[in-house]
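Spelled out, the chains give:
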Amino acid sequence: MTTMAICVQKQRKDGYWPVYIRVTHNRKLAYIKTSKMVNDRGLNSKKEVRDPYVVRSLSDTIAIYYDRLNRKNTDS
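In this text the structure is predicted, and so the values were computed from the model without any measurement. (Residues numbered from 1 in each chain as written. Predicted model: local features only at pLDDT ≥ 70, side-chain atom pairs only at ≥ 80, totals over all residues. Heavy atoms only, no water.)

1. With respect to the packing of aromatic side chains
Any pair of aromatic rings gets described here by the distance separating the centres and the angle formed by the planes. Rule in force here: Between the rings of Phe, Tyr and Trp (Trp by its six-membered ring), a pair exists once the centres lie within 6.5 Å; its type follows the angle of the planes, with under 30 degrees stacked, over 60 edge-to-face, and the other angles tilted. Note on conventions: DSSP H or I runs of at least 4 residues are helices, E runs of at least 2 residues are strands, and numbering of each starts at the N terminus.
Scanning all chains against the criterion turns up 1 aromatic pair. Here the aromatic rings of Y20 and Y31 are separated by 6.2 Å at their centres, their planes lie at 80 degrees, and the arrangement is edge-to-face. With Y20 in strand β2 (residues 17-25) and Y31 in strand β3 (residues 28-38), this pair connects stretches of sequence that are 11 residues apart.

2. Considering the side chain of K36
What counts here: Burial here depends on accessible area, computed with a 1.4 Å probe over protein chains only, as a share of the maximum for the residue type. Under 20% is buried, over 50% is exposed, and the range in between is partly exposed. For the charge count, each Lys or Arg is scored as positive and each Asp or Glu as negative, with His and the chain ends excluded. The working definition used for a salt bridge is a side-chain nitrogen of Lys or Arg within 4 Å of a carboxyl oxygen of Asp or Glu. Residues are treated as being in contact if the distance between any of their heavy atoms lies within 4.5 Å.
As for its placement among the helices and strands, K36 is situated in strand β3. Despite being buried, K36 has no salt bridge partner; D51 is the closest side chain of opposite charge, sitting 9.2 Å away. Residue contacts for K36: discarding those within four places in its chain leaves W17, P18, V19, Y53, V54, S57 and L58.

3. Thoughts on the pattern of salt bridges
Summed over all chains, the structure comprises 2 salt bridges. A salt bridge links D14 to R12; the nearest nitrogen and oxygen atoms lie 2.3 Å apart. Classification of D14 by relative accessible area gives partly exposed; the value is 45%. Where R71 meets D67, a salt bridge forms, and the shortest distance between an N and an O atom there is 3.0 Å. Judged by its relative accessible area of 66%, R71 is exposed. For D67, a relative accessible area of 38% gives the class partly exposed.

4. Description of helix α1 (residues 52-70)
Test applied: Helices are assigned an expected span. That span is 1.5 Å times one less than the residue count. An arc is given here, and it is the one of the directions from the helix axis to the C-beta atoms.
Helix length check: α1 (19 residues) gives 26 Å between terminal C-alpha atoms against 27 Å at 1.5 Å per residue, within 8%. When α1 is considered as a whole, its buried residues turn out to be V54, L58 and I62. End-on view of α1: buried residues confined to an arc of 55 degrees, all on one side of the axis. Turned more than 90 degrees from where α1 packs its buried face, P52, Y53, R56 and N70 sit exposed. Against the buried residues of α1 lie β1 (3-8), β2 and β3.

5. A look at the nonpolar core
So the rule is basically this: Buried Ala, Val, Leu, Ile, Met, Phe, Trp, Tyr and Cys residues that are joined via side-chain atoms within 4.5 Å together make up what is termed a nonpolar core.
Of all hydrophobic cores here, the largest spans 12 residues; its members are M4, V8, W17, V19, I21, V23, V38, L43, V49, V54, L58 and I62. Secondary structure elements with two or more residues in this core: β1, β2 and α1. The element best represented in this core is β2, accounting for 4 residues. With residues near it in sequence (within four places) discarded, W17 still touches V8, Q9, K10, Q11, K36, M37, V38, N39, D40, L43 and K47.

Next comes the structure, spelled out in C-alpha cells:
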C-alpha cells in the first residue's frame, strides 16, 4: 500500500523550508518536490507543516495522486 505525506527536509540559507510529498511503498521512500515553501511559523515543533494554505493545496494534489494510483495495479 502506498502512503503519502507532506514533509520538509532541511532549511535553506534564506530561512525557508522547501515542502515535499513523501511517498512510501513497500518500505521504500521517495520524495516529490513541490513549488511550496514555508518559514518557521509554518511548521510546528515536530517540523510538520501546519500552514493551512500549503496543507490544503498539497492535500488536493495528494488526492489526485491517490486517484491515479487507485486506477493502477500497484502490487508489484
